[in-house]
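Per-entry structural report
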Number of protein chains: 2
Amino acid sequence: MVNGKVLIYGGRGALGASCVQFFKSNNWWVGCIDLTENDSADVNIVVDRDADWVSQEQNVLSKVEATLNGDKLDAVICVAGGWAGGNAKKDLAKNSDLMWKQSVWSSTISATVAANHLMSGGLLVLTGANPALNGTPGMIGYGMAKAAVHQLTKSLSEEDSGLPENSFVVSILPITLDTPMNRKWMPTADFGTWTPLDFVAGLFLKWTKGEERPANGSLVKLVTKDAKTELVIAD
Amino acid sequence: MVNGKVLIYGGRGALGASCVQFFKSNNWWVGCIDLTENDSADVNIVVDRDADWVSQEQNVLSKVEATLNGDKLDAVICVAGGWAGGNAKKDLAKNSDLMWKQSVWSSTISATVAANHLMSGGLLVLTGANPALNGTPGMIGYGMAKAAVHQLTKSLSEEDSGLPENSFVVSILPITLDTPMNRKWMPTADFGTWTPLDFVAGLFLKWTKGEERPANGSLVKLVTKDAKTELVIAD
């Protein structure tokens, strides 16, 4: 017997793969949604990168439905995303389009999966970004996409959002995650200010089990200092 | 001699057409960008509804460049947009996609036009929405798109956004505009709480001339009571 069922959207990314591993090692059934498969997951739903938003949504929804076969999910965790810089002078449409696909498509599809398959009281996690709480002139497309995710989080936490009764929706706003890629590209940084992936995965497990949940709709900053991470709720 | 040059993105909509008319009657050169032509404008740039974001941007940019032939714009005013309801349960991708195209594509293309063709100290207006300052569970796609426009406004008002020196960017957040369609669909409403289109066009003219500008990056709510409109800056 497993403890329950969770879906990780972006389960092939650094944080996502860490979540898949963490939940698996705690005896949960884990489904992975991503552009490629994660062999550690119980089930993989592969998204066609070239399909449009509506097709991706329909494709993921129908595969989740077939997989669950009437069962409900304890949690839908969306940690898909990406980053692109750039201001208004050049390539704004191109950069914004990419950011929208990576962060917002994945978030809305997660929301619709949650609306249709989450259990009452279940968890939906989205991934925002601390800088997008303000202007982001050097990464305009990124900021817009993450601001949209923040507002989506608020919408989903309110009545008649379509999510099941008592569900709990939250966005994490990581500052810097301690990933292999970040270590590779910033080898001289103070890793003690980076948030360990296992901390985040552990947080998701607690929230899935209904423990230590902040207010519904919260934007939760992950602030790490001296290798210790504090949760700070954004205003 | 004209007083100067303005571009109205969405110049065929109710508010946009009113702006075209108003600037024309005050002796300004007016370019209209929309899906169809506005005969009152000096120049029309027609956007291909079926083209993707990057193609629309390139198409508009190259036509603006050809039209201006080295001249600079006093203002770029984006009043394009639309509305769709709907929560997370059904058609979220479809509704969000439409909202994104109508509000965000037009806003980012306006930003890029402004970055490349606005004069120093020029005006860029975008169109946000009051409800998107909070969650919008019954119109999730709409709220996300407008929240993105709000954050874009902040980004563009900051240093190194790509806009020319001393440019002024602002979003208006209308509550209800006094349009023929709104009168048709809400015939028994109190029109004294609706904002007249000419008031908005007049506001844009003042801002274009550098008069009564609020802080750069402001989200300006248009609050109308007893047929009198007050500007309230959102936090």
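Residues numbered from 1 in each chain as written. Chains lettered and ligands numbered in written order. Predicted model: local features only at pLDDT ≥ 70, side-chain atom pairs only at ≥ 80, totals over all residues.

Brief notes about the sheet that holds strand β9 (residues 219-225) of chain A
Residues and elements named next belong to chain A. Pairing in this open sheet of eight strands is mixed, and the strands run β3-β2-β1-β4-β5-β6-β9-β10 from one edge to the other. Both outer strands of the open sheet, β3 (43-46) and β10 (228-233), are each paired with one neighbouring strand and no more. Between one strand and the next, the sheet's axes are offset by a mean angle of 20 degrees, whatever the strand orientation. Here strand β1 (residues 5-9) pairs with strand β4 (residues 73-78) via four bridges, running parallel. Bridge pairing in β4 links Val6 to Ala75. Contacting β5 (118-127), β6 (168-174) and β9, helix α4 (residues 140-157) crosses the sheet at an angle of about 160 degrees to β6. (Pairing = 2+ DSSP bridges. Helix = DSSP H or I, 4+ residues; strand = E, 2+ residues; numbered from the N terminus. Axes fitted to C-alpha atoms, helices over the stretch in contact; angles between N-to-C directions. Contact = placed C-beta atoms within 7 Å.)

Quick look at the relation of the copies chain A and chain B
Its rotation angle being 180 degrees, the transformation that places chain A on chain B also includes 0.0 Å of axial translation and leaves an RMSD of 0.0 Å. A rotation of that kind, with that shift, is consistent with a two-fold axis. Across chain A, the rotation axis passes nearest the C-alpha of Ala148(A), at a separation of 2.6 Å. Taken as a fraction of all interface residues of chain A, those also at the interface in chain B reach 100%, which identifies the copy contact as same-surface. (Least-squares fit on C-alpha atoms with pLDDT ≥ 70 in both.)

Some thoughts on the interface of chain A and chain B
Residue-level contacts link 43 residues of chain A with 43 residues of chain B. Secondary-structure elements contributing two or more residues to the side of chain A that touches chain B are α2 (53-68), α3 (92-117) and α4 of chain A. Here the side of chain A that touches chain B gets 13 residues from one element, more than from any other, and that element is α3(A). Of the residues belonging to the side of chain A that touches chain B, the class tally is 19 nonpolar, 16 polar and eight charged. (Nonpolar A, V, L, I, M, F, W, Y, C, P; charged D, E, K, R; others polar.)

Side note on the sheet that holds strand β9 (residues 219-225) of chain B
Pairing between the strands of a sheet is mediated by backbone hydrogen bonds and can be parallel or antiparallel. Residue and element names in this part refer to chain B. An order of β3-β2-β1-β4-β5-β6-β9-β10 is seen for the eight strands of this open sheet, with the pairing classed as mixed. Of all the strands in the sheet, just β3 (43-46) and β10 (228-233) have a single pairing partner and so form its edges. When strand polarity is set aside, the average angle formed by the axes of neighbouring strands in this sheet is 20 degrees. In this fold helix α4 (residues 140-157) packs onto β5 (118-127), β6 (168-174) and β9, with an angle of close to 160 degrees to the strand it touches most, β6.

What about α2(A)?
Residue and element names in this part refer to chain A. Taking 1.5 Å as the rise per residue, α2 with 16 residues should run 22 Å; its terminal C-alpha atoms sit 22 Å apart, in good agreement. Those residues of α2 lying buried are Gln56, Glu57, Val60 and Val64. Down the axis, α2 shows its buried residues gathered within 100 degrees of arc, on one side only. The outward face of α2, more than 90 degrees from its buried face, is lined by the exposed residues Ser62 and Ala66. (Expected span 1.5 Å × (residues − 1). Buried ≥ 20, exposed ≤ 12 C-beta atoms within 10 Å, placed from the backbone. Arc of directions from axis to C-beta.)

Considerations on unusual backbone geometry
The phi torsion of most residues other than glycine is negative, and most of the peptide bonds are trans. Residue and element names in this part refer to chain A. Non-glycine residue Asn27 carries a positive phi angle of around 70 degrees. Structurally, Asn27 can be placed in the loop between α1 (14-25) and β2 (29-34). Its 10 C-beta neighbours within 10 Å are what place Asn27 among the exposed residues. Positive phi values are uncommon outside glycine, yet Asn166 reaches one of about 60 degrees. By the secondary structure assignment, Asn166 is in the loop between α4 and β6. Overall, Asn166 belongs to the exposed group, with 11 C-beta atoms counted inside 10 Å.

Thoughts on the pairing of strand β4 (residues 73-78) of chain B
Among the six residues that make up β4(B), six are buried, leaving the element largely enclosed by the rest of the structure. In this region the chain leaves β4(B), passes through helix α3 (residues 92-117) of chain B and returns to the parallel neighbour β5(B); the handedness of that crossover is right-handed. (Right-handed = clockwise from strand over helix to strand, strands pointing away.)

Remarks on the environment of Asn130(B)
All names here are of chain B. Relative to the helices and strands, Asn130 resides in the loop between β5 and α4. Placed 20 residues apart in sequence, Asn130 and His150 show a C-alpha to C-alpha distance of 9.9 Å. In this structure, Asn130 is in contact with Leu173, Ile175 and Lys221, ignoring residues within four places of it in sequence.

So, the environment of Asn182(B)
All names here are of chain B. Inspection of the secondary structure assignment puts Asn182 in helix α5 (residues 180-185). Asn182 gets classed as partly exposed once you count the C-beta atoms within 10 Å, which come to 15. With 72 residues separating them along the chain, Asn182 and Ser110 place their C-alpha atoms 26 Å apart. Beyond its immediate stretch of four places on either side in the chain, Asn182 contacts Thr176, Leu177 and Trp194.

This is a description of form; function is not addressed.
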